[in-house]
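Single-letter residue listing:
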Amino acid sequence: MQGVELWSWTTVLTAALAGVLILLVQRFKTYQDPNAQILRARTQRDKSLQRAEQAVQHHKNSHPKKHLPPILSLSLSELMKSLKEETLSPEDVFYSYMEKTLDANQKLNCCTGVLMESFDQVKNLNREGLLYGVPVSIKENIGYKNHDSTCGLSMRLDQPAQKDSVLVEVLKSQGAIPFVKTNVPQTLFSIGCSNPIYGQTLNPHDHKKTPGGSTGGEAALIAAGGSVLGFGSDVGGSIRIPASFCGICGFKPTGGRLSSLGVRATLPGSRHLQASAGPLAKDVDSLALSMQALLCDRMFSLDPTIPPFPFNLQIYQSSSPLRIGYLENDGCREPSPSMARALREVKGLLEAAGHTLIPFKHLTSRLNEILARRSYAVDGGSVMLELMKGEKLDPCIYQEMLFLRIPCWVKKIISILIKPWSSNVAQRLSLGTGIGTISDLWKYQEKVKDCIHDTIQEWRRCNIDVLLCHMMGPAYNTETCSVVSPDIAHTVIYNLLNFPAGVVTVSTVTPQDEEELRNYKGKYQNLKDKHFKRAVSGGEGLPLSIQCVALPWQDELCLRFMREVEQLVRLNRKTGTSRVAREPDP
């Protein structure tokens, strides 16, 4: 009996010691030196790049040169056709894109690591998949088993995903090969693209410019030719802004049309702005093909919250004339001269093609900006500040973090004092104080619903199918990102409304645009407008994009409108009257 009691006490003591040991290990992990973690992450990234380079070289040595078509110049549809007809093998395509990606990364620092599992996956693909043999790149925060999704935060290093995100799993089931992860700004809340872990990503058209954020590494890689199709996430313009800055196409679907399970957020649990996973590519057809591949039974099974509606090819391929609302100024900021010109030119092309253009006015143009900004810091920034404890601050978010660190009561007092002289700055300060009580939160949510309802009512009153509006841009100078990063009103409004939206490159900045920029005063003629002017200066030859929008769940119609714009611009370009975007630096 005594032996049994002794055994029991020994078991309890052993269990207690084990528990203490586990707690100590967890505490040690919590307080690991971020510098050591960052160094380890960079080393792992470099090793994956070196191993990939060796594998590419080995493949080239063991496979004598073939007479292959120019793989990297093929569109996604042409590539898919060649793979299905076996005029190209998945290995030919995979190693060609891997080699180009490694080259692009050396120049742009756009990758956070190669997914070495892809080298085995290319040997065992689903031949029946719509994306059979297509290499795809993914944003760093998209979950891939055994790889980190940090959102640029060192505190999230050494926390590899336990399984693939739904997006990755569906891509694999469709025969695609996720092969590389791409860089993001710290916290994802920036139009820049740098973080203390992996550093600064450069714009392939001009290395002094940012590729945009937060899907900046993805857009830079695609624009440089290292990927034919990529995927990112968008909670305020994070797909559309980089696509615009880098001169490619990007699409934010209606929130909930594609699964976000396994796509890591900086502030999980926030529901005020609808986040969307979405594709980026060099042409609109590629975006549509990717949506067609993803909207399948596999996705609907893995994530039952996704409406089981396959891609409607009939709507996308339709050619009937459209009633198009156009928004030359959304009331938030005066667009740059180059962007205003680009929108006017597209409007003219659409009218000449037989479409009906109707002026559109956001009933809540200013309110939308206010509501969207309050959504970003609904708690006054307390959760974000807690998240950033112990983090090295990247320059691209430094000013925003300083703003959040000002006590809310101080912001309130300053906003009251300066309101007579600068109502815009006073409003910005007051919005940064958060919402307040639960009752205030409910009232705020009701205002959001009213905002959506009013916009749809105006849409119906104008009897329009889609909306044409300008984008941010051209690409900002990198050193200005911290100053202008919160200014995303042109894009975040459609996350607030949960409307599908995409961008198409339509022109480039001309010398005349730059000359007109010298006289730019802006809407408020204040310091903010001066910062914007400085941010977009020196953009001659850079791409310019416009934004296409549709009502919720009309994603196919939005893409169809984007394709219409793209085709008209291409047709116009053949006449020699439009400008070709500056080629990425060699």
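Data block above holds the structure.
The sections below set out a description of the structure shown in this document. Here the structure is a predicted model, which is why all the values come from computation and not from measurement. (Residues numbered from 1 in each chain as written. Predicted model: local features only at pLDDT ≥ 70, side-chain atom pairs only at ≥ 80, totals over all residues. Heavy atoms only, no water.)

### Remarks on the packing of aromatic side chains
Counting across every chain of the model gives 10 aromatic pairs. Between the aromatic rings of Tyr-476 and Phe-532, the centroid separation amounts to 6.0 Å while the plane-to-plane angle is 75°, which identifies the pairing as edge-to-face. Linking Tyr-476 in the loop between strand E11 (466–470) and helix H19 (481–484) with Phe-532 in helix H22 (residues 527–536), this pair joins segments that are 56 residues apart in sequence. Across the pair, exposure class does not vary: Tyr-476 and Phe-532 are buried alike. Three or more aromatic residues joined by ring pairs make a cluster, and in this case those are Phe-94, Tyr-95, Phe-119 and Phe-179. The ring centre of Tyr-326 lies 4.8 Å from the NZ or CZ of Lys-347, which sits over that ring. Between the NZ or CZ atom of Arg-563 and the centre of the ring of Tyr-316, over which it lies, the distance is 4.7 Å. (Phe/Tyr/Trp six-rings, centres within 6.5 Å; stacked < 30°, edge-to-face > 60°. Helix = DSSP H or I, 4+ residues; strand = E, 2+ residues; numbered from the N terminus. Buried < 20%, exposed > 50% of the residue type's maximum accessible area, 1.4 Å probe, protein only. Lys NZ or Arg CZ within 6 Å of the ring centre and 35° of its normal.)

### Looking at the sheet that holds strand E13 (residues 543–549)
Read across the open sheet, the 11 strands follow the order E1-E3-E2-E6-E8-E7-E12-E13-E11-E9-E10; overall the sheet is mixed. On the outer flanks of this sheet lie strand E1 (111–114) and strand E10 (356–359), each paired with one strand and no other. Geometrically, the sheet is characterised by an average inter-axis angle of 30° between neighbouring strands, direction not taken into account. Note: strand E7 (residues 249–252) against strand E12 (residues 501–508), three bridges, orientation antiparallel. Residue Phe-251 lies in a different strand from E12, and its bridge partner there is Gly-502. (Pairing = 2+ DSSP bridges. Axes fitted to C-alpha atoms, helices over the stretch in contact; angles between N-to-C directions.)

### Quick word on unusual backbone geometry
Between Gly-213 and the following residue, Ser-214, the backbone shows a cis peptide bond with an omega angle of 10°. When you line up the elements, Ser-214 lands in the loop between strand E5 (199–200) and helix H7 (216–223). Across the junction of Gly-473 and Pro-474, the peptide omega takes the value 5°, indicating a cis bond. By the secondary structure assignment, Pro-474 is in the loop between E11 and H19. The phi torsion at Asp-158 lies on the positive side, around 60°, for a residue other than glycine. Note that Asp-158 resides in the loop between strand E2 (135–139) and helix H6 (166–173). At Thr-187, a position not held by glycine, the phi torsion is positive, near 75°. In this fold, Thr-187 is placed in the loop between strand E3 (177–182) and strand E4 (194–195). Looking at Thr-187, the relative accessible area reads 1%, which means it is buried.

### Quick word on helix H15 (residues 395–405)
Of the residues making up H15, those classed as buried are Cys-396, Ile-397, Glu-400, Met-401, Phe-403 and Leu-404. On an axial view of H15, the arc spanned by its buried residues comes to 155°, and they lie on one face. Of the residues that open H15, the one with a side-chain oxygen 3.0 Å from the backbone nitrogen of Cys-396 is Asp-394. (Arc of directions from axis to C-beta. Polar contact = N/O pair within 3.5 Å; in protein donor to acceptor, adjacent residues only side chain to side chain.)

### Points about the pairing of E10
Both strand E9 (residues 323–327) and E10 contribute to a ladder of four bridges, which runs parallel. Residue pairing in the sheet places Ile-324 in a bridge with Leu-357 of E10. Handedness of the E9-helix H12 (residues 337–352)-E10 crossover: right-handed. (Right-handed = clockwise from strand over helix to strand, strands pointing away.)

### Section: the environment of Ala-224
Mapped onto the secondary structure, Ala-224 falls in the loop between H7 and strand E6 (230–234). Since its relative accessible area comes to 18%, Ala-224 is described here as buried. The residues contacting Ala-224, other than those within four sequence positions of it, are Lys-100, Ala-104, Leu-108 and Pro-204. (Contact = heavy atoms within 4.5 Å.)

### Examining H22
The periodicity of an α-helix, 3.6 residues per turn, causes residues three or four places apart in sequence to face the same way. What H22 keeps buried is the set Asp-529, His-531, Phe-532, Ala-535 and Val-536. For H22, the angular spread of buried residues about the axis comes to 155°, placing them on one side. Away from its buried face, by an angle of more than 90 degrees, H22 presents the exposed residues Leu-527 and Lys-530. Those residues of H22 that are buried are in contact with H19 and helix H21 (511–517). Its side-chain oxygen at 3.2 Å from the backbone nitrogen of Lys-528, Asn-526 defines the N-terminal cap of H22. One or two positions beyond H22, positive phi appears at Gly-538, with a value near 70°.

### A look at the pattern of salt bridges
Throughout the structure, instances matching the rule amount to 21 salt bridges. Residue Lys-81 is joined to Glu-85 by a salt bridge in which the shortest nitrogen-to-oxygen separation is 3.0 Å. What makes Glu-85 partly exposed here is its relative accessible area of 47%. Among the salt bridges present, the one from Glu-458 reaches Arg-461, with a minimum N-O distance of 2.9 Å. One end of the pair is Glu-458 and the other is Arg-461, both in helix H18 (residues 438–462) and three residues apart, which spans about a single turn. Linked through salt bridges whose partners overlap, the residues forming this network are Arg-257, Asp-555 and Glu-556. (Salt bridge = Lys/Arg side-chain N within 4 Å of Asp/Glu carboxyl O.)

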